[in-house]
Each structure stands twice: as C-alpha cells, then as structure tokens.
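Take a look at the letters that make up each chain.
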Amino acid sequence: SDIYALGILLYKLLNNNRLPFLPSYPAPISLSDREQSFARCMRGEKFPTPVNADFKLATIISKATAYRADERYNSPTAPNGTRLPSASKIYALTL
C-alpha cells in the first residue's frame, strides 16, 4: 500500500540510504546482503530502528511498515483516531 511505501521511504531517508537489515553505512552491500535482507523482510521480521530516527519517528515508521497490513495505518486519517502525522510534522521530527 501507499502507507507502507511511505514508511520504507522514510526508513531509507533516516537510515543513511540503507534499507532494513543491510550493513550500516559506509560498509559495502553485497548481493548476499541484499538477498538476506529481502528474506528477512518477507519473513516479517520487525525492522531495526533507523539510525537517525528518534523514538517518536521510529514508532511512526514501524507502524507504517508493519508486516501485516491490518497493523499499519489504514489511511492518513484512520477511523480509530490514529492519524499518520502530516509531512510537515514528520519533517520537523528530522531536524
């Protein structure tokens, strides 16, 4: 879904341009690293916290990228009152 894609984008932006489970920057990324990262994502392992995210932003990213779709934000304004923060609020958290 679009919410998951936004979560992955935020993850990568706040993790030195690295996807979950890849070696930390500046270590090189091998094909084996990519395959293992993909397999772990497909198994539904919880992503590690992005290195440049504080607790609040990491929580937002974690919910947006939950393995099970029913655990993610349903929409930018979810019916249960859980709201995905606006882009300006997310940006402010990165400063």
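The residue numbers shown here count from 1 along each chain, following its written sequence. Given that this is a predicted model, residues contribute local features only at a pLDDT of at least 70 and side-chain atom pairs are listed and counted only at 80 or more, while totals for whole chains, interfaces and linings are drawn from all residues. Note that water and hydrogens are dropped before the side-chain values are worked out from all heavy atoms of the structure.

Brief notes about the side chain of T65
Secondary structure elements follow DSSP: runs of H or I of four or more residues count as helices, runs of E of two or more count as strands, with numbering from the N terminus. Along the polypeptide, T65 turns up in the loop between α3 (55–64) and α4 (87–94). Note on T65: relative accessible area 7%, which makes it buried. Within the local environment of T65, its side chain forms a polar contact with the backbone oxygen of I61, the two atoms lying 2.8 Å apart. Ignoring anything within four residues of it in the chain, the contact list for T65 reads Y4, G7, I8, F47 and R72. Buried residues are those whose accessible area, probed at 1.4 Å on protein chains only, stays under 20% of the maximum for their type, while exposed residues exceed 50% and partly exposed ones sit between those limits. Here a polar contact is taken to be a pair of N or O atoms separated by no more than 3.5 Å, where protein atoms must pair a possible hydrogen donor with a possible acceptor and residues adjacent in sequence count only if both atoms sit in side chains. Contacts between residues were defined by any pair of non-hydrogen atoms, one from each residue, lying within 4.5 Å.

Some words on the layout of surface pockets
Computed from the structure, the largest pocket encloses a volume of approximately 310 Å³. The definitions used throughout rest on a 1 Å grid laid over the protein atoms alone, on which a cavity is an enclosed set of points accommodating a 1.4 Å probe that cannot get out and a pocket is an open set flanked by protein within 12 Å on both sides along at least five of seven lines; lining residues are those having an atom within 4 Å of a point. In terms of lining residues, the largest pocket is bounded by 20 residues, among which K46, F47, S62, T65 and A66 are the most central. Those elements that place two or more of their residues in the lining of the largest pocket are α1 (2–13), α2 (31–42) and α3. Take the lining of the largest pocket: its biggest share by element is five residues, from α3. Computed from the structure, the second largest pocket encloses a volume of approximately 160 Å³. Lining the second largest pocket, in full, are Y4, I8, L19, P20, L22, R34, S37, F38, C41, M42 and F47. Mapped onto the lining of the second largest pocket, the elements with two or more residues apiece are α1 and α2. Of the residues contributing to the lining of the second largest pocket, the split by class is nine nonpolar, one polar and one charged. Grid points are joined across faces, edges and corners, and a volume is the space filled by probe spheres set on the points. Here the nonpolar group is Ala, Val, Leu, Ile, Met, Phe, Trp, Tyr, Cys and Pro; Asp, Glu, Lys and Arg are the charged ones; every other residue, Gly included, is treated as polar.

Description of the side chain of S37
Along the chain, S37 turns up in helix α2. The exposure class assigned to S37 is buried, which follows from its relative accessible area of 7%. Within the local environment of S37, its side chain forms a polar contact with the backbone oxygen of P20, the two atoms lying 2.5 Å apart. Look past the residues within four positions of S37 in its chain and what remains in contact with it is P20, F21 and L22.

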